[in-house]
Every structure is written in C-alpha cells, then in structure tokens.
Amino acid sequence: MADQTQSYKNHARFLPPYHFFVMPVLLVNFLNTGRHLFQQMTLHNVWEVVFALGLLGLGLFSRVQALTVQDRVIRLEERLRLRQLLPADLHPHIDALTHRQLVALRFASDQELADLVREVIAGQLATPKDIKLRVRNWRPDFLRA
C-alpha cells in the first residue's frame, strides 16, 4: 500500500465483505422477513422481523462503534501532532478544534498544517470537506477501520 497515493477523491474506505456482502444480506433478510409478515401475520413471523431488525442493527452499530473508536484515536494522535508541529501562538487553539476538524486535518502534510489550522480558526474552512479539499500534499492514511 505504500506505493498507492491517496487524495480526496479516493480516500473513502470500503470493506467489500462488509459493504457489499454482509450489509446487503442483512438488509435483504430484513425485507424478506417483512414480506413474510405481510403475507401471513403470525407471532412467528413477527419474531422473525424483530430478529432480522436486530441483526441489521448489530451490523450497523458494530461499524459505528469501530468508527467512533477510530475517531477518538485520530483525535488523540492529531492533538499530539499539532503540539509538536504548530508554532507556540497556535497551541491555545488546539483544544478548540472539533473532532471532525481534527479528523480532516490528519490528511494534511506537516508543511501545510499550520496554515490550514489558521484558516480553520479564522472560520475560512467550515466543514471537514472544505479542509480536505484545501490539502495540497495529502498524507495518506491506509490503516483505517
């Protein structure tokens, strides 16, 4: 993966087994059990819909929890990185950055980080997308959940 380059256009991560197999199977299972319930309202079919919904929820929430933990680690890493790389006048602003801003800033190279943080603090970069689009030298992150 070290040979690959990363940019805003290709930084989204898809896990093919999860995104293209597990979740579609769970969704089709839920829809199919709903069809069975619609065709024949029985206690058994009601339970099958509840169970299918539980499995679908399990699939969704397991992904959300993994991404939440990943974002917490990124937040910690980026705060440490900012304390090392930013000039002293920007240090008081590090804790004011939101977690979404920190997650977006992780893609910025060391050389452009201070300028991007100044723009974020000044309100010129409002969204994570704005921050990512402004990055010129992309710092790839291939170890993601």
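Scroll up a little and you will see the structure.
Quick caveat, the model's predicted, so the values are computed rather than measured.

J.: Outline helix H4 (residues 110-121), supporting the account with residue identities and numerical values.
T.: With 12 residues, H4 ought to run about 16 Å at 1.5 Å a step, and its terminal C-alpha atoms sit 17 Å apart, in line with that. Of all the residues in H4, the buried ones are Glu112, Leu113, Ala114, Leu116, Val117, Glu119 and Val120. Residues of H4 that are buried in the fold lie against helix H2 (43-85), helix H3 (99-105) and helix H5 (128-134). Of the residues trailing H4, glycine 123 is marked for its positive phi of about 85°.

J.: Would you mind going over the side chain of arginine 106 in detail, with residue names and values included?
T.: Structurally, the position occupied by arginine 106 is in the loop between H3 and H4. At 2.8 Å, the side chain of arginine 106 forms a polar contact with the side chain of aspartate 141. In contact with arginine 106, other than residues within four places in its own chain, are Ile74, Glu78, Arg81, Arg139, Asp141 and Arg144.

J.: Talk me through the pattern of salt bridges; I want residue IDs and the actual numbers.
T.: Summed over the entire model, instances satisfying the criterion amount to 10 salt bridges. Across the salt bridge formed by glutamate 119 and arginine 134, the nearest N and O atoms sit 2.2 Å from each other. Of this pair, glutamate 119 sits in helix H4 while arginine 134 sits in helix H5, and the two are 15 residues apart along the sequence. Owing to a relative accessible area of 17%, glutamate 119 belongs among the buried residues under this scheme.

J.: Can you lay out the nonpolar core for me, pointing to particular residues and giving the numbers?
T.: For soluble globular proteins, nonpolar side chains are generally found buried alongside one another. If you look at the biggest cluster of nonpolar residues, it comprises 19 residues, and the most contacted ones within it are Leu82, Leu86, Leu105, Leu113 and Val117. When residues of this core are traced back to their parent elements, those giving at least two are H3 and H4. Top element by residues in this core is H4. It accounts for 5 residues. Residues within four places of leucine 113 in sequence aside, it is in contact with Arg81, Leu82, Leu85, Leu86, Leu105 and Ala108.

J.: Residue-level account of the packing of aromatic side chains, with values.
T.: Enumeration according to the criterion identifies 2 aromatic pairs in this entry. Ring centres of tryptophan 47 and phenylalanine 51 lie 6.3 Å apart, and the angle between their planes is 40°; this geometry places the pair in the tilted category. One end of the pair is tryptophan 47 and the other is phenylalanine 51, both in helix H2 and 4 residues apart, which spans about a single turn. Between phenylalanine 107 and tryptophan 138 the ring centres are 4.6 Å apart and the planes differ by 25°, which places this aromatic pair in the stacked class. Of this pair, phenylalanine 107 sits in the loop between H3 and H4 while tryptophan 138 is found in the segment after H5, placing the two residues 31 residues apart along the sequence. The class for tryptophan 138 is buried, based on a relative accessible area of 15%. Of note, arginine 63 hangs over the ring of tyrosine 18, and the distance from its end group to the ring centre comes to 5.6 Å.

J.: Tell me about the packing of helix H1 (residues 16-39) against H2, residues and numbers included.
T.: Between H1 and H2, the least distance of the axes is 8 Å, while the angle of their chain directions is 160°. If you check the angle between H1 and H2, you find them roughly antiparallel. Like other packed secondary-structure pairs, H1 and H2 cross with a definite hand, here left-handed. In contact with Tyr18, His19, Met23, Leu26, Leu27, Asn29, Phe30, Thr33, Gly34, His36 and Leu37 of H1, H2 contributes Asn45, Val46, Glu48, Val49, Ala52, Leu53, Leu55, Leu56, Gly59, Leu60 and Arg63.

Calculation criteria
- Residues numbered from 1 in each chain as written.
- Predicted model: local features only at pLDDT ≥ 70, side-chain atom pairs only at ≥ 80, totals over all residues.
- Heavy atoms only, no water.
- Helix = DSSP H or I, 4+ residues; strand = E, 2+ residues; numbered from the N terminus.
- Expected span 1.5 Å × (residues − 1).
- Buried < 20%, exposed > 50% of the residue type's maximum accessible area, 1.4 Å probe, protein only.
- Contact = heavy atoms within 4.5 Å.
- Polar contact = N/O pair within 3.5 Å; in protein donor to acceptor, adjacent residues only side chain to side chain.
- Salt bridge = Lys/Arg side-chain N within 4 Å of Asp/Glu carboxyl O.
- Core = buried A, V, L, I, M, F, W, Y, C linked by side-chain atoms within 4.5 Å.
- Phe/Tyr/Trp six-rings, centres within 6.5 Å; stacked < 30°, edge-to-face > 60°.
- Lys NZ or Arg CZ within 6 Å of the ring centre and 35° of its normal.
- Axes fitted to C-alpha atoms, helices over the stretch in contact; angles between N-to-C directions.
- Parallel < 35°, antiparallel > 145°, perpendicular 65-115°, else oblique.
- Left-handed = near helix turned anticlockwise from the far one by under 90°.

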